[in-house]
Amino acid sequence: MIRNENPVIANSLWSATAKYTDTYPALSGEQQADVAIIGAGFTGLSAALHLAEAGASVTLIDSQHPGWGASGRNGGQINVGLKDGPTGIRAKFGDHWGERMIRMAGDAGDLVFDLIERHQINCDAKRPGWLRAAHTPKTLQQLHELAEDWDRHGGGMKKLDQAEMQRLTGTEAYNGGVLDRRGGVLHPLNYALGLADAAHRNGVAIYGGTPANHIQTEGGRYRVKTPNGAIMTDKVLMCTNAYSGDLDPKVAKSVLPVRSVQVATPPLSDNIRRSILPEGNALSDARRLLLYFRQDAEGRFLMGGRGTYNDGSTRRQIERLKRVSVELYPQLSDVKWDYAWGGFVALTRDHYPHLHELAPGIYAGLGYNGRGVAIATAMGRVLARWAAGEPTEDLDFPVTPLKPLLLSFARETLVEAEILRLKLLDKLGL
Ligand SMILES: Cc1cc2nc3c(=O)[nH]c(=O)nc-3n(C[C@H](O)[C@H](O)[C@H](O)COP(=O)(O)OP(=O)(O)OC[C@H]3O[C@@H](n4cnc5c(N)ncnc54)[C@H](O)[C@@H]3O)c2cc1C
């Protein structure tokens, strides 16, 4: 279980610049609710807000506080889509589900911007687009094929050659790529706290410092037990993603939590700001162990990378992120780095998110594989509709059986081995 804050990954830019100051008390005594939601990241917050807007009574609890998990620590890149393009999704899931998943994943950015506008969330949201950069001719071809695939399904992506990519990034490092106009950037913790504020204003009872310890049936309903209280409810949504603990070990074992780490500079001078991603895009490259970077609203440069598990490799990864930043942008060689932090992303075996029914009326949505700002928000809406009674075949995402991923005792070793394998494939350009 990953509960306690680890000092190696705690120095977050987003916590230091959060604008919402509300605190949510711990639950004490018994609450009644139509739906109890466990976990107040984007998934749980979006589910709570959508349910409250539909008239349900909702109690939302988090063992820490809203946005404490990956939702308040990520890169703030609004990345739409799923692992495969539309053709691949249809081939894997068939026409019925393929159609729905393509729509849900393609429109997930619209949902985020709509929520921000409707609820006046103060989170520096902008929509300059998401750059996906190719580091080899092969990945360039794959990205261009992806853009053509989306063109046949409503569009959204522009193919970029080497010169266009250089103009948009300020570096010659990439062969080209695509600009996904559906993507953008935001301050992730302020987005999470703004969603919590909107949910609260719409009647959701929110409690921080309140872990769900146990769920039991009682008189045809569920009792969600917490240290000093309980929620009596008809439905339960588990929205705990990579931070799923021993509440339901099967859920925790269905994903692989892997650390992703970021570093950030202080606000840069105007000259340097204009020389890096001058149009304000978010960028991630096409490596298996990808790099992702952007500037925040104050002109700090942020660089992130996936793929560590223990503290030693996390420290090395932090130093590597600073080094690759300077390799890409030598003008950063004299800047100091103010922040280094991280959190856990939840990987799944098929690299798709998953939606499960754990027992009648107990649902879980998780496993965003590092692409959860938009997709977790969209999954929260799917969970809300399911909890409100929408039949499973009408949902925007298929319900699949819960399967454990790996034997838990071997996890760390297997993760380290997998990271080494991916590093090698990236190095060989395969
Ligand atoms: C460093 C990093 C960078 C990332 N960058 C991006 C990015 O740029 N773009 C993008 O799209 N995605 C990114 N992601 C992924 C994205 O942040 C996640 O997919 C998304 O936030 C998941 O949201 P969630 O609500 O499902 O889970 P979380 O936000 O992790 O929330 C789960 C919550 O459940 C709570 N919880 C767990 N167990 C219990 C319990 N028993 N009782 C009560 N509460 C409990 C935890 O305290 C936690 O707050 C990144 C992730 C990380 C870590």
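Here the structure is shown first, and the text comes after it.
Note that the structure is predicted; figures quoted are calculated from it, not measured.

J.: How do you make sense of the overall build of the chain when you look at a structure like this?
T.: Within the chain, the regular secondary structure consists of 12 helices and 19 strands. Taking 2.2 N^0.38 as the reference for a compact globule, 430 residues should give roughly 22 Å; the C-alpha atoms of the chain span a radius of gyration of 21 Å, in line with that estimate. With the C-alpha coordinates of the chain rotated into their principal frame, the extents come out at 65 × 45 × 45 Å. When the 430 residues of the chain are sorted by exposure, 59% land in the buried category. For the chain, restricting intrachain contacts to residue pairs at least 6 apart in sequence, the fraction spanning at least 24 positions comes to 75%. Counting only carbon and sulfur atoms, one obtains 50% of the accessible surface of the chain, whose full area is about 17,500 Å². Across the chain, the centroid of the 49 positively charged side chains sits 4 Å from that of the 47 negatively charged ones.

J.: Honestly, helix α3 (residues 86-106) in this entry has me stumped. Any pointers?
T.: Each α-helix turn comprises 3.6 residues. Residues three or four places apart therefore point the same way. In this model α3 runs just 9 Å from its N-terminal to its C-terminal C-alpha over 21 residues, more than 12% under the 30 Å that 1.5 Å per residue would give. Along α3, the positions that sit buried rather than exposed are P86, I89, W97, G98, R100, M101, I102, M104, A105 and G106. Considering only its buried residues, α3 is in contact with α4 (108-118), α5 (137-151) and α11 (373-387).

J.: Could you clarify how one ought to interpret the environment of Q120 in this entry?
T.: Position of Q120 relative to the elements: it lies in the loop between α4 and β5 (130-134). With a relative accessible area of 64%, Q120 lands in the exposed category. The spacing of Q120 and R201 is 81 residues in sequence and 12 Å in space, taken between C-alpha atoms. When neighbours within four sequence positions are excluded, Q120 is seen to be in contact with Y20 and L115. A distance of 2.9 Å separates a polar side-chain atom of Q120 from the backbone oxygen of E117.

J.: Where do I start with the site of the ligand in this structure?
T.: Neighbouring residues of the ligand: 37 residues in total, closest T43, D62, S71, Q77 and V373. A distance of 3.0 Å separates a nitrogen atom of the ligand from a polar backbone atom of S63. Within the backbone of A70, an N or O atom sits 3.0 Å from an oxygen atom of the ligand. Computed on the free molecule, the ligand has an accessible area of 1,000 Å², of which 98% lies beneath the protein chains in the complex. The set of elements that each furnish at least two residues to the shell around the ligand consists of α2 (42-53), β13 (256-264) and β17 (339-347).

J.: Even after reading the chapter, I still don't get the side chain of N190, so can you show me in this structure?
T.: Counting through the fold element by element, N190 comes out in helix α7 (residues 188-201). On the basis of relative accessible area, N190 is assigned to the buried category, the value being 0%. For N190, the side chain forms a polar contact with the main-chain nitrogen of K19, separated by 2.8 Å. Those residues in contact with N190 that lie beyond four places of it in its chain are T17, A18, K19, Y20, I121, N122 and C123.

J.: How should the pattern of salt bridges be read in this particular structure?
T.: Where charged atoms from two side chains of opposite charge approach closely, those side chains can pair. The final tally for this structure, using the stated rule, is 24 salt bridges. The closest approach of N and O atoms between D234 and R221, which form a salt bridge, is 2.9 Å. Taken together, the residues D234 in strand β12 (residues 229-238) and R221 in strand β11 (residues 221-226) connect sequence positions 13 residues apart. In this structure, D338 engages K336 in a salt bridge whose closest nitrogen and oxygen atoms are separated by 2.7 Å.

J.: What am I meant to see in the state of the cysteines here?
T.: Covalent bonding between the sulfur atoms of two cysteines defines a disulfide. Applying the stated criterion across every chain yields a total of 0 disulfides. No disulfide involves C123; its sulfur sits 20 Å from the nearest other cysteine sulfur, which is in C239.

J.: Explain the packing of aromatic side chains to me, please; I cannot follow it from the model alone.
T.: Pairs of aromatic rings are described using the distance from one ring centre to the other and the angle between the two planes. All told, the structure shown has 9 aromatic pairs when counted by the stated rule. Note on Y243 and F344: the rings are 6.1 Å apart at their centroids and 90 degrees apart in plane angle, and the pair reads as edge-to-face. A residue pair is termed long-range when its members are at least 10 positions apart, and Y243 in the loop between β12 and α8 (249-253) and F344 in strand β17 qualify at 101 residues. The residues Y243 and F344 share a single accessibility class, namely buried. Grouped by ring-pair contacts, the aromatic residues W68, Y243 and F344 constitute a single cluster. Directly above the ring of W68 sits R73, whose terminal nitrogen or CZ lies 4.9 Å from the centroid. One Lys or Arg, R182, reaches over the ring of W150 and ends 4.2 Å from the middle of that ring.

J.: What is the right way to look at unusual backbone geometry in this model?
T.: Most of the time, phi is negative for any residue but glycine, and the peptide bond is trans. Unlike most non-glycine residues, D124 shows phi in positive territory, near 55 degrees. With respect to the element layout, D124 can be found in the loop between α4 and β5. Although it is not a glycine, N369 adopts a positive phi angle of roughly 55 degrees. Along the chain, the position of N369 falls in the loop between β19 (362-366) and α11.

J.: For this particular structure, what's the right way to read the packing of α2 against α7?
T.: Packed helix pairs are characterised by how far apart their axes lie and by the angle those axes make with each other. Closest axis-to-axis distance for the α2/α7 pair is 9 Å, and the angle between their directions is 30 degrees. As judged from the angle between their axes, α2 and α7 are roughly parallel. α7 is crossed by α2, and the crossing has left-handed handedness. Along its contact with α2, which presents F42, L45 and L49, the element α7 presents P188, Y191, A192, L195, A196, A198 and A199. Classifying every residue of the contact of α2 with α7 by side-chain character gives 10 nonpolar, no polar and no charged.

Each value, and the rule that gives it
Residues numbered from 1 in each chain as written. Predicted model: local features only at pLDDT ≥ 70, side-chain atom pairs only at ≥ 80, totals over all residues. Heavy atoms only, no water. Helix = DSSP H or I, 4+ residues; strand = E, 2+ residues; numbered from the N terminus. Rg over C-alpha atoms; globule rule 2.2 N^0.38 Å. Buried < 20%, exposed > 50% of the residue type's maximum accessible area, 1.4 Å probe, protein only. Contact = heavy atoms within 4.5 Å. Areas by Shrake-Rupley, 256 points an atom, 1.4 Å probe, with all protein chains shown as cover. Lys, Arg positive; Asp, Glu negative; His and termini not counted. Charge placed at Lys NZ, Arg CZ, Asp CG, Glu CD. Expected span 1.5 Å × (residues − 1). Polar contact = N/O pair within 3.5 Å; in protein donor to acceptor, adjacent residues only side chain to side chain. Near = heavy atom within 4 Å. Salt bridge = Lys/Arg side-chain N within 4 Å of Asp/Glu carboxyl O. Disulfide = S-S within 2.5 Å. Phe/Tyr/Trp six-rings, centres within 6.5 Å; stacked < 30°, edge-to-face > 60°. Lys NZ or Arg CZ within 6 Å of the ring centre and 35° of its normal. Axes fitted to C-alpha atoms, helices over the stretch in contact; angles between N-to-C directions. Parallel < 35°, antiparallel > 145°, perpendicular 65-115°, else oblique. Left-handed = near helix turned anticlockwise from the far one by under 90°. Nonpolar A, V, L, I, M, F, W, Y, C, P; charged D, E, K, R; others polar.

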